[in-house]
Amino acid sequence: MENQIKQKLNRELNGSQEKLPVKIVQFGGGNFMRGFTDYVIDRLNTETSFKAGIVNIQPTSAGSVHKLEEQDNLYTLFTRGIKKGEIIDEKQVISAIQKSINPYTHYDEFLAIAKEEELEFIFSNTTETGITYDELENSYVGPHKNFPAKVTVLLYERFKHFKGVPEKGLRIIPCELIEDNALVLKKIILQYAALWNLEEEFINWVEESNYFHNTLVDRIVPGYPKDDVLAYEDQLEYEDQMMVVAEAFLLWVIQESGNLKDRIPFDEINEQILVVDDIEPYRLRKVRILNGGHTLMLAPAILSGKETVKESIDNEFIGGFLNETIFNEVNPTLGLDEKELKDFSEEVFDRFRNPFIKHYLASIALYFVSKFKVRILPSLLGYIEINNKLPLNLTFSLASLIRFYQGSFGNKFLPLNDEDTIITKFKEIWENEEYEIVAELALSETSFWGMDLTKVQGLKSAVAKALWEIDQHNVETAYYNFRQFYS
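Report follows, based on the coordinates. (Residues numbered from 1 in each chain as written. Predicted model: local features only at pLDDT ≥ 70, side-chain atom pairs only at ≥ 80, totals over all residues. Heavy atoms only, no water.)

1. Observations concerning unusual backbone geometry
For clarity, the cut-off: In DSSP terms, a helix is any run of H or I states spanning at least four residues, a strand is any run of E spanning at least two, and both are numbered starting from the N terminus. Burial here depends on accessible area, computed with a 1.4 Å probe over protein chains only, as a share of the maximum for the residue type. Under 20% is buried, over 50% is exposed, and the range in between is partly exposed.
Here the amide bond leading from Gly142 into Pro143 is cis, since omega sits at 10 degrees, within 30 degrees of zero. Looking at the secondary structure, you find Pro143 in the loop between strand E6 (121-124) and helix H6 (147-161). Residue Asn73 is not a glycine yet carries a positive backbone phi of 60 degrees. By the element assignment, Asn73 lies in the loop between helix H4 (65-70) and strand E3 (75-83). Residue Asn73 is classed as buried on the basis of its relative accessible area of 3%. One non-glycine residue with positive phi stands out, namely Asn197, at about 60 degrees. Residue position: Asn197 is located in the loop between helix H7 (181-195) and helix H8 (200-209).

This is how it looks when you write it as structure tokens:
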């Protein structure tokens, strides 16, 4: 298509002119929503009888919904990654969004959405800071900047229009990455109802006729491929200023309430969308395996000279170290179904190998100590409680972290990126030359771990031994010597 003027993507050009009933209002049309929820709804529309149109609401005054409107709310999604060892590299036009509205300039259109007969769902992703209460939003009259305030208005307009009929309540499914996201949103909605002196009947309607579903979402959506946009444009026969790139992996865990399974046929499409009574086990799984996997291999990988996650997991030593640690030392502490843990772990390793995403270890090293405390330490302590012995790989990972905070290895400076107090404390610790003292001072520092780890039987001497080995040899040799010593 070189040197050829391309027509802007539109519904006539794409052949997607079917008008879908508005069943979903969506707050946030950014990269994640378009690569995650809109993709899912598009699949449901294509493969099932769901047939739901989305109205996309711009969450901030600086948004860009006009760009979507200019191409009939269509965009191309590129899905790239690895599934079950096979490379996935696909593209498709997503057509679920029927209309995009800027409520700051078209507030009446926003209010009118509340009157849609078939409206049933609210989806959102307004970032972790979006679900907050702003007492300055002290008037019902909009437009409002605050996201929960907008939702409150939408619900109240619907309550008034349909005279409080229970069947016209909505299902609110937020995707913001905060714990109990839906319940936090509900609490703030009720705060606004009180602040604005809305009638008690409305508050009862919110409580009794609307369903709030907590969620856990997981998909990397890099978004518009600005660094290599020409390579993507060459794959298209049209102009698309809103194309999005996403990884192949997708996980959406939704807490059941009011028979959601009967309202959206998630089980009819081949995606990892789970409607469950309790999402906490899945949150635990993600933190300990996905996030924990990054963290536990970080120091050994950096000390081995690796720079990216893919380079690390492709390395025989680091990849093997990660695999053995997850399956033998982390998963057994979670108390979850063994097959589910195995399948999830293998998907995580596929994500780490994604050739289309360059994930630098230096970026993962941000706030390394606090990440280790939350993601790894519970597995280490849990393993000891179950087996009455040290998990050698997790212990070596901990020792590698302590060695990392010395700040340099060989002739190379290490990417320390933590609170000044932590870096300074480690600097003081490493002024000692005896590994037993270094281990004692580092492990007993409760500001790091929230507890005195020298109280864990055998941990101090094991960490000291690993530190000595790391400084005498390369990291791989140090690890095997350490394992052999404790075998």
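Now, onward.
2. A few points about the sheet that holds strand E10 (residues 244-246)
To keep things clear, this is the line we draw: Any two strands between which DSSP finds at least two bridges are classified as paired. Only C-alpha atoms enter the line fits that serve as axes; for helices the fit covers just the stretch in contact. Angles between N-to-C directions range over 0 to 180 degrees. For this analysis, residues touch if any pair of their heavy atoms sits within 4.5 Å.
What the 3 strands build is an open sheet, ordered E4-E3-E10; its pairing is mixed. Every interior strand has two partners, whereas the edge strands, strand E4 (86-94) and E10, have only one. Pairwise comparison of adjacent strand axes, ignoring direction, gives a mean angle of 15 degrees for this sheet. Direction of pairing for E3 relative to E4: antiparallel, over a ladder of 9 bridges. Across the sheet, residue Thr79 finds its bridge partner in E4, namely Glu90. Strands in contact with helix H3 (residues 37-47) are E3 and E4; relative to E4, the strand with the most contacts, it is inclined by about 80 degrees.

3. As for the packing of aromatic side chains
Selection rule: Pairing of aromatic side chains requires ring centres within 6.5 Å, counting the rings of Phe and Tyr and the six-membered ring of Trp. Pairs whose planes differ by under 30 degrees are stacked, by over 60 edge-to-face, and all others tilted. Charge-over-ring contacts are defined here by two conditions on Lys NZ or Arg CZ: a distance within 6 Å of the ring centre and an angle within 35 degrees of the ring normal.
This model, assessed by the stated rule, comprises 38 aromatic pairs. Aromatic side chains Phe321 and Phe396 sit 6.3 Å apart centroid to centroid with 70 degrees between the ring planes, which places their arrangement in the edge-to-face category. Here Phe321, found in helix H13 (residues 316-330), pairs with Phe396, found in helix H18 (residues 392-404); they are 75 residues apart in sequence, far enough to count as distant. Residue Phe396 is classed as buried on the basis of its relative accessible area of 0%. Following the ring pairs from residue to residue traces out a cluster consisting of Tyr133, Tyr140, Tyr156, Phe159, Tyr192, Trp196, Phe202 and Trp205. Above the ring of Phe50, the side-chain terminus of Lys23 is found at 5.1 Å from the ring centroid. The ring of Phe162 carries the charged tip of Lys168 above its face, separated from the ring centre by 4.9 Å.

4. So, the pattern of salt bridges
This is how the line gets drawn: The term salt bridge refers to a side-chain nitrogen of Lys or Arg lying within 4 Å of a carboxyl oxygen of Asp or Glu.
Taken as a whole and judged by the stated rule, the model has 24 salt bridges. With a shortest N-O distance of 3.4 Å, Lys99 and Glu109 are connected by a salt bridge. Here Lys99 is found in strand E5 (residues 97-101), whereas its partner Glu109 is found in helix H5 (residues 107-112), with 10 residues between them in sequence. On the basis of relative accessible area, Lys99 is assigned to the partly exposed category, the value being 32%. Relative accessible area serves as the criterion here: at 30%, Glu109 is assigned to the partly exposed category. For Lys186, the salt bridge identified is with Glu207, shortest N-O distance 3.0 Å. Separated by 21 residues along the polypeptide, Lys186 in helix H7 and Glu207 in helix H8 bring together distant segments of the chain. Relative accessible area serves as the criterion here: at 39%, Glu207 is assigned to the partly exposed category. Salt bridges here are not isolated pairs; linked through shared partners, they connect Arg43, Glu47 and Glu271.

5. Examining the sheet that holds E5
Across the sheet, 6 strands lie side by side as E5-E2-E1-E6-E7-E8; this open sheet has parallel pairing. Each edge of the open sheet is held by one strand with a lone partner, namely E5 and strand E8 (211-212). Judged from the 4 bridges that link them, strand E2 (residues 53-57) and E5 form a sheet pairing that is parallel. Looking at E5, one finds that Val55 is bridged to Lys99. Of the strands in this sheet, strand E1 (22-27), E2, E5 and E6 touch H3, which is tilted by about 170 degrees from E1. Along the sheet face, H6 touches E1 and E6 and points at about 155 degrees away from the line of E1.

Note that all results are geometric; they support no functional claim without further evidence.
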